[in-house]
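Listed below, chain by chain, are the residues.
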Amino acid sequence: MNEMSALGPADEKLTRDAAEVAVSWVLAGELTREQSEQLIVGEHLSGHSWMGETDWLQRWETNLRDALIRATNSEEGRQLVAAAKDTALREMQNHLYCELDSAGWLGPDPGYQRVCASLRRIVATGRPTAP
């Protein structure tokens, strides 16, 4: 994803898989508190950075949900939904990738390992199941 990054293909796949799960959670309904907390994966040592992360996540979810609400049952509506899902997936993957990359600048230190573990938990939680 980024030539300057030390991350490899496995890291890119992990961030994509976690982003796909995140998008599926929003498509199934509003994010729960637990899901929102799972998606805050970075090393946020100050309350200010944690709040920034929370704000970003809320805007990301709202943008996707607004597109889903505005969509009509028409070809144009389906295209709008598809574009919104693609944008949300790309934004979340880029966000998770940056979090992992910034945690990994010093190598496979505990911060990098914690972010990887957070991403693996998101993937393991998986997509919602239909009732």
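Residues numbered from 1 in each chain as written. Predicted model: local features only at pLDDT ≥ 70, side-chain atom pairs only at ≥ 80, totals over all residues. Heavy atoms only, no water.

### Some words on the packing of aromatic side chains
Piece 1. Applying the stated criterion across every chain yields a total of one aromatic pair.
Piece 2. Relative to W60, the ring of W56 lies with its centre 6.4 Å away and its plane at 15 degrees, an arrangement referred to as stacked. Remark: W60 and W56 occur in helix α3 (residues 47-70); sequence separation between them is four residues, near one turn of the helix. (Phe/Tyr/Trp six-rings, centres within 6.5 Å; stacked < 30°, edge-to-face > 60°. Helix = DSSP H or I, 4+ residues; strand = E, 2+ residues; numbered from the N terminus.)

### A word on the packing of helix α1 (residues 9-28) against helix α5 (residues 110-125)
Piece 1. Contact pair α1 / α5: the axes reach a minimum separation of 9 Å and the direction vectors enclose 45 degrees. One finds that α1 runs oblique with respect to α5. The element α1 and its partner α5 pack so that their crossing is left-handed. In contact with D11, L14, T15, D17, A18, V21 and W25 of α1, α5 contributes Y112, C116, L119, R120, I122, V123 and T125.
Piece 2. Class assignment for the residues of the contact of α1 with α5 results in nine nonpolar, two polar and three charged. (Axes fitted to C-alpha atoms, helices over the stretch in contact; angles between N-to-C directions. Parallel < 35°, antiparallel > 145°, perpendicular 65-115°, else oblique. Left-handed = near helix turned anticlockwise from the far one by under 90°. Contact = heavy atoms within 4.5 Å. Nonpolar A, V, L, I, M, F, W, Y, C, P; charged D, E, K, R; others polar.)

### What to know about the environment of A84
Piece 1. Following the sequence through the fold, A84 ends up in helix α4 (residues 75-103).
Piece 2. Residues A84 and L68, spaced 16 residues apart in sequence, show a C-alpha to C-alpha distance of 7.8 Å.
Piece 3. Those residues in contact with A84 that sit more than four places away from it in its chain are L64 and A67.

### Things to note about α1
Piece 1. An ideal rise of 1.5 Å per residue puts 28 Å on 20 residues; α1 measures up with 29 Å between its terminal C-alpha atoms.
Piece 2. Buried within α1 are the following residues: D11, L14, T15, A18, A19, V21, A22, V23, S24, W25 and V26.
Piece 3. Backbone geometry just after α1 places G29 at a positive phi near 145 degrees. (Expected span 1.5 Å × (residues − 1). Buried < 20%, exposed > 50% of the residue type's maximum accessible area, 1.4 Å probe, protein only.)

### A closer look at the nonpolar core
Piece 1. L39, W60, M92, L119 and I122 are the most contacted members of the largest nonpolar core, which totals 30 residues.
Piece 2. Within the residue set of this core, elements represented by two or more residues are α1, α3, α4 and α5.
Piece 3. Ignoring any residue separated from it by four or fewer positions in sequence, one finds L39 in contact with A22, W25, L31, E53, L57, M92, L96 and I122. (Core = buried A, V, L, I, M, F, W, Y, C linked by side-chain atoms within 4.5 Å.)

### Remarks on the packing of α1 against α4
Piece 1. Where α1 meets α4, the closest approach of the two axes is 8 Å, and the angle between their N-to-C directions is 135 degrees. By the angle class used here, α1 and α4 are oblique. Relative to α4, α1 is oriented so that their crossing is right-handed. On α4, the residues touching D11, E12, T15, R16, A18, A19, E20, A22, V23 and L27 of α1 are K85, A88, L89, M92, Q93, L96, Y97 and L100.

### Remarks on the confidence of the model for the chain
Piece 1. Looking at the chain, the pLDDT average stands at 86 and 86% of residues meet or exceed 70.
Piece 2. The least confident element of the chain, judged by mean pLDDT, is α3 at 85; the most confident is α1 at 94. (pLDDT = per-residue confidence, 0-100.)

### Quick notes on the pattern of salt bridges
Piece 1. If you walk through the whole model with that rule in mind, you get five salt bridges.
Piece 2. A salt bridge links E75 to R78, with the nearest nitrogen and oxygen atoms 3.6 Å apart. Separated by three residues within a single helix, E75 and R78 lie in helix α4, roughly one turn from each other.
Piece 3. For R78, a relative accessible area of 45% translates into the label partly exposed.
Piece 4. Salt bridges linked by common partners bring R16, E20 and R127 together as one network. (Salt bridge = Lys/Arg side-chain N within 4 Å of Asp/Glu carboxyl O.)

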